[in-house]
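# Structure assessment
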Amino acid sequence: MTTQARHRIAELCEQIRDHQFRYYVLDKPVITDAEFDTLLRELTALEAKHPELCEPDSPTQNIGGGFATTFEQHDHLEKMMSLDNAFDKDELTSWFDRVEKEAPVTQWLCELKVDGLAINLLYEEGVLTRGLTRGNGATGEDVTLNVKTIKNLPHTLIGKNLPSLIEVRGEVFFPLAAFAELNESLEESGKTLFANPRNAAAGSLRQKDPRITAQRPLSVVLHGVGACKDVTFASQSDAYETLQSWGLPTSARYRVFDTKAKVVKFIADYELHRHDLEHEIDGVVIKVNQFDQQIALGSTSRAPKWAIAYKYPPEEVTTRLIDIKVSVGRTGRVTPFAFMEPVKVAGSTVANATLHNAQEVVRKGVLIGDVVIIRKAGDVIPEVLGPVIERRTGREKPFVMPTNCPECGAELRAISEGDIDIRCPNTRHCPAQLRERIYYIGSRAALDIDVLGYEAAQALLVDQIIKDESDLFSLTKEQLLRSDFFKKKDGTPAANAEKLLAALEEAKTRPLWRTLVALSIRHVGPTAAQALANSFGSIEAIAKATAEELANVDGVGSTIADSIVEWFSEDWHRDIVTKWSDAGITMVQQQTDSVPQTLAGLTFVLTGTLPTFARDEVSEEIVLHGGKVSTSVSKKTRYLLAGSDPGSKLAKAQEVGVPVIDEVQFKKLLKG
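These notes cover the structure that comes with them. Worth saying up front: this structure is predicted, and the values here are computed from it rather than measured. (Residues numbered from 1 in each chain as written. Predicted model: local features only at pLDDT ≥ 70, side-chain atom pairs only at ≥ 80, totals over all residues. Heavy atoms only, no water.)

## Side note on the overall build of the chain
For clarity, the cut-off: Numbered from the N terminus, helices here are DSSP runs of H or I no shorter than four residues, and strands are runs of E no shorter than two. Radius of gyration here uses only the C-alpha atoms, and the compact-globule reference equals 2.2 Å multiplied by the residue count raised to the power 0.38. Burial status follows relative accessibility: with a 1.4 Å probe on protein chains alone, a residue under 20% of its type maximum counts as buried, one over 50% as exposed, and anything between as partly exposed. Contacts are assigned to residue pairs that have any heavy atoms within 4.5 Å of one another. Throughout, the Shrake-Rupley method with a 1.4 Å probe supplies accessible areas, and for residues the shown protein chains are the sole cover considered.
Within the chain, the regular secondary structure consists of 24 helices and 20 strands. By the compact-globule yardstick of 26 Å for 672 residues, the chain fits well, its C-alpha radius of gyration being 28 Å. Referenced to the eigenvectors of the C-alpha coordinate spread, the extents of the chain come out at roughly 80 × 65 × 50 Å. Counting across all 672 residues of the chain, residues that qualify as buried make up 51%. At a minimum sequence separation of 6, the contacts of the chain that also span at least 24 residues come to 66%. Per element, the accessible surface of the chain, about 31600 Å² overall, is 51% carbon and sulfur.

## Quick word on the sheet that holds strand E11 (residues 307-311)
Within a sheet, adjacent strands bond to each other through the backbone by hydrogen bonds, running parallel or antiparallel. Keep this limit in mind: Two strands make a pair as long as DSSP finds a minimum of two bridges between them. For helices, the fitted line uses only the C-alpha atoms of the stretch in contact; every axis is such a line through C-alpha atoms, and the angle between N-to-C directions lies from 0 to 180 degrees.
One open sheet holds the five strands; their spatial order is E2-E11-E10-E3-E9, and the pairing between them is mixed. Since the sheet does not close on itself, it has two edges, and those belong to strand E2 (85-86) and strand E9 (255-257), each with one partner. By the bridge criterion, two bridges tie E2 to E11 in an arrangement that is parallel. Looking at the pairing, Ala86 lines up with Tyr310 of E11. The strands touched by helix H3 (residues 89-102) within the sheet are E2, strand E3 (108-114), strand E10 (281-288) and E11, with E11 carrying the most contacts at an inclination of about 170 degrees. Seen against the sheet, helix H9 (residues 260-272) touches E3, E9, E10 and E11 and runs at an angle of roughly 20 degrees to E3.

## A word on the packing of helix H12 (residues 431-441) against helix H13 (residues 454-462)
Put simply, the rule reads: Just so you know how the angles are binned, under 35 degrees is roughly parallel, over 145 roughly antiparallel, 65 to 115 roughly perpendicular, and the rest oblique. Note on convention: the crossing is left-handed when the near helix lies turned anticlockwise from the far helix by less than a right angle, right-handed when the turn is clockwise. The nonpolar class holds Ala, Val, Leu, Ile, Met, Phe, Trp, Tyr, Cys and Pro. Asp, Glu, Lys and Arg form the charged class, and all remaining residues, Gly among them, are polar.
For the pair H12 and H13, interaxial distance at closest approach is 9 Å and the crossing angle is 130 degrees. Accordingly, the angle class assigned to the pair H12 and H13 is oblique. H12 and H13 meet at a crossing whose hand is right-handed. Between H12, through Pro431, Leu434, Arg435, Glu436, Ile438 and Tyr439, and H13, the contact on the second element is made entirely by Tyr454, Ala457, Gln458 and Leu461. In terms of residue class, the contact of H12 with H13 is built from seven nonpolar, one polar and two charged.

## A short note on the sheet that holds strand E19 (residues 639-642)
Sheet architecture is open: four strands sit in the order E18-E17-E19-E20, paired in parallel fashion. Looking at which strands have only one partner, the edges of the open sheet turn out to be strand E18 (628-630) and strand E20 (660-661). Bridging between strand E17 (residues 603-607) and E19 involves four bridges; their strand directions are parallel. Bridging across to E19, Val605 finds its partner in Leu640.

## What to know about the environment of Lys260
Mapped onto the elements of the fold, Lys260 is located in helix H9. A relative accessible area of 31% means that Lys260 is categorised as partly exposed. A sequence separation of 206 residues divides Lys260 from Cys54, and the C-alpha atoms of the two residues are 35 Å apart. Not counting residues within four places of it along the chain, the set of residues in contact with Lys260 comprises Phe96, Glu100 and Trp108.

## Observations concerning the pattern of salt bridges
Opposite charge on two side chains lets them pair, provided their charged atoms get close. The criterion, for reference: We define a salt bridge as a contact between a side-chain nitrogen of Lys or Arg and a carboxyl oxygen of Asp or Glu at a distance within 4 Å.
Counted under the stated rule, the structure contains 30 salt bridges. Where Glu280 meets Arg375, a salt bridge forms, and the shortest distance between an N and an O atom there is 2.3 Å. Linking Glu280 in the loop between H9 and E10 with Arg375 in strand E15 (residues 371-375), this pair joins segments that are 95 residues apart in sequence. For Glu280, a relative accessible area of 10% translates into the label buried. Take Arg375: its relative accessible area is 13%, and that puts it in the buried class. We note a salt bridge from Arg375 to Glu316, for which the minimum N-O separation is 3.3 Å. Note that Arg375 is positioned in strand E15 and Glu316 in strand E12 (residues 316-328), a separation of 59 residues in sequence. Accessibility classification places Arg375 together with Glu316 in one group, the buried group. Where salt bridges share partners, they join Glu360, Arg363, Lys364 and Glu383 into one cluster.

## What about the pairing of E15?
Within E15, five of the five residues are buried, which leaves the element mostly enclosed by the surrounding structure. The side-chain alternation of E15 yields two buried faces, one formed by Val371, Ile373 and Arg375 and the other by Val372 and Ile374. As paired elements, E12 and E15 share five bridges and run antiparallel to each other. Counterpart to Val317 in the pairing with E15 is Ile374.

## Quick look at the nonpolar core
Threshold: What is meant by a nonpolar core is a set of buried Ala, Val, Leu, Ile, Met, Phe, Trp, Tyr and Cys residues, joined one to another through side-chain atoms within 4.5 Å.
By size, the foremost hydrophobic cluster in this structure holds 56 residues, and its most contacted members are Ile449, Phe473 and Leu475. Counting residues per element, the ones that place at least two in this core are H12, H13, helix H15 (495-507), helix H16 (512-518), helix H17 (526-536), helix H18 (539-544), helix H20 (557-568) and helix H21 (571-583). Ranked by residue count, the leading element in this core is H15, at six residues. Not counting residues up to four positions away in its chain, the partners in contact with Ile449 are Ile441, Gly442, Phe473, Leu500, Ala503, Leu504 and Ala507. In terms of nonpolar packing, the next biggest core, distinct from the first, is built from 35 residues, Leu117, Ile119, Tyr123 and Phe174 among them.

## A closer look at H3
Selection rule: To estimate how far a helix should reach, multiply one less than its number of residues by 1.5 Å. The directions considered for the arc are those from the helix axis to the C-beta atoms. Counted as a polar contact is a pair of N or O atoms within 3.5 Å, where, for protein atoms, one must be capable of donating a hydrogen and the other of accepting one, and residues adjacent in sequence contribute only when both atoms are in side chains.
A rise of 1.5 Å per residue sets the reference length of H3, with its 14 residues, at 20 Å; its end C-alpha atoms lie 20 Å apart and thus fit the reference within 8%. Along H3, the positions that sit buried rather than exposed are Leu92, Trp95, Phe96 and Val99. Across the axial projection of H3, the buried residues extend over an arc of 100 degrees, all falling on one side. For H3, the exposed residues set more than 90 degrees away from the buried face come down to Asp90 and Lys101. Buried residues belonging to H3 abut E2, E3, H9, E10, helix H10 (291-297) and E11. Capping the start of H3, Asp88 holds a side-chain oxygen 3.1 Å from the backbone nitrogen of Asp90, two or three residues further along.

Shown next as structure tokens:
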């Protein structure tokens with residue numbers, strides 16, 4: 001039995017070290033976090049049963065990631081510990097019981113477990129002198145210059161009673177919205193995409209050139225203290241309040257509870273809303289709040305006994321890739337997607353996942369027939385991260401990109417030189433592009449027409465009720481009755497027919513920027529559309545503008561400008577605008593004579609999550625009341641409107657002296 005255990009322990013140690021290397025050094029893991037946790041827990045159990053077989057260099061005695069890199073190595077002044085995990089309520093209850101046997105705990109601190117890259121920051125005499133990655137817990141990699149490019153991290157502490165020396169620990173992360181924008185820009189320029197925000201943060205922080213890191217909107221949140229001099233803290237929450245008073249970024253979402261029931265409720269609440277945040281989380285960390293009790297409880301060789309991470313169910317799983325097919329989007333872009341054996345991930349069953357483009361299929365090394373790792377976070381489209389090469393059988397085969405459109409047969413090609421995407425050039429008549437464009441018109445990003453879903457768009461085209469989007473807003477009840485989708489068995493209009501006609505009428509009153517988005521001009525999303533609407537005031541003015549005039553608008557630039565000019569150069573595109581205008585769609589910036597212009601001449605920048613306003617709603621209110629919305633903070637910015645968990649824009653506003661207001665103050669401004 002001992003021989004078998006020794007063999008299995010050696011096997012597990014080798015596997016775990018290999019996976020740690022792939023995760024920490026290569027940023028290309030081949031198994032999910034849940035599968036890694038399973039291996040580590042098996043090793044921990046075996047070593048507990050056979051302590052004589054536990055070696056000093058076992059992964060259970062060290063915190064993974066201490067591999068050599070090109071960066072200089074430095075020791076942490078105080079070891080950076082890892083955390084033990086709980087995966088269900090029973091394991092959490094067991095931890096509570098163990099803690100309370102040794103210390104009379106009266107306060108529990110709960111905070112979100114941000115899925116980022118662990119960092120250790122050293123401040124001496126109030127000045128940031130060193131930034132180290134966690135490494136093996138004792139020694140980390142020097143990333144000081146790169147850390148100093150993070151916008152919300154101060155180089156110098158502010159306030160009184162600053163310590164002569166302090167280590168603060170936290171997570172460097174990539175905000176979700178910024179991650180989507182980064183991958184979109186990488187995709188458009190033909191560069192390699194990041195698999196997830198955590199990899200984007202790690203890749204950005206490990207750049208040799210800090211100027212590249214500076215271009216990435218990294219953020220950091222602090223959650224711990226290491227070595228320190230000339231300062232003491234009574235509790236974890238006391239430490240956070242003090243760090244915040246010094247200008248350091250701590251989370252506003254931590255809570256202190258006096259009962260375990262409240263802790264459990266906090267965990268459940270954030271599991272339900274984990275995808276409503278601006279960054280990714282994979283669980284909640286529970287800590288004993290009082291420092292004297294933390295000291296009494298102590299630590300093991302790798303983790304404190306006074307803290308535990310409650311891990312949410314995994315959002316990365318493995319399944320078999322049956323085939324790779326392609327879809328055609330509203331702008332003609334042809335995208336490979338994985339057709340897989342259905343698997344449950346992030347609370348829903350998934351059978352399809354995006355592969356972005358042909359180059360990504362090659363880069364990821366995915367073959368048809370592979371066991372693949374897929375990821376799905378909330379409402380985000382599932383994505384294939386890569387293959388599990390060790391599970392290949394030899395029967396797998398490579399994917400070959402089609403040369404003709406699967407829907408209309410047109411020969412596929414790159415539209416412009418250097419374009420990594422191939423597209424269907426049959427923009428006007430390709431059934432797939434038509435269907436996707438009409439479906440997009442009804443989306444929340446465009447005209448927000450709830451009834452105009454995918455099936456409705458398909459029925460309108462298949463039953464030849466409309467030939468393209470130009471006919472959409474002149475629909476009649478009689479036309480809809482030509483489709484079984486919109487009528488009852490007795491031939492009378494179905495409820496969806498009445499609702500669609502009413503929704504189309506309501507959509508005609510949407511603001512100008514939404515009309516612009518609904519036209520499906522390549523690269524023109526809500527942000528650029530709002531900037532264009534504010535600057536030009538009408539579709540006609542935008543259509544007549546030169547590329548140079550368009551590019552000069554804040555938030556537009558040359559790429560979007562060229563795309564707009566190209567779009568309006570097509571006769572049939574201009575016909576859509578004419579028909580929509582005749583049908584009563586908004587083509588001119590909304591008249592505001594009847595609305596008090598309380599924000600006239602004021603430029604706002606938005607950041608964070610507001611309590612009652614959605615981002616689009618607050619933008620519309622600002623424009624309606626005469627103000628302007630910008631995407632970046634500058635000396636021209638009058639106010640930064642900040643909600644919970646603001647990003648790097650807050651630090652920029654403070655740096656240039658822009659006043660920061662909350663939603664309550666904003667509503668007062670609206671009222672004058």
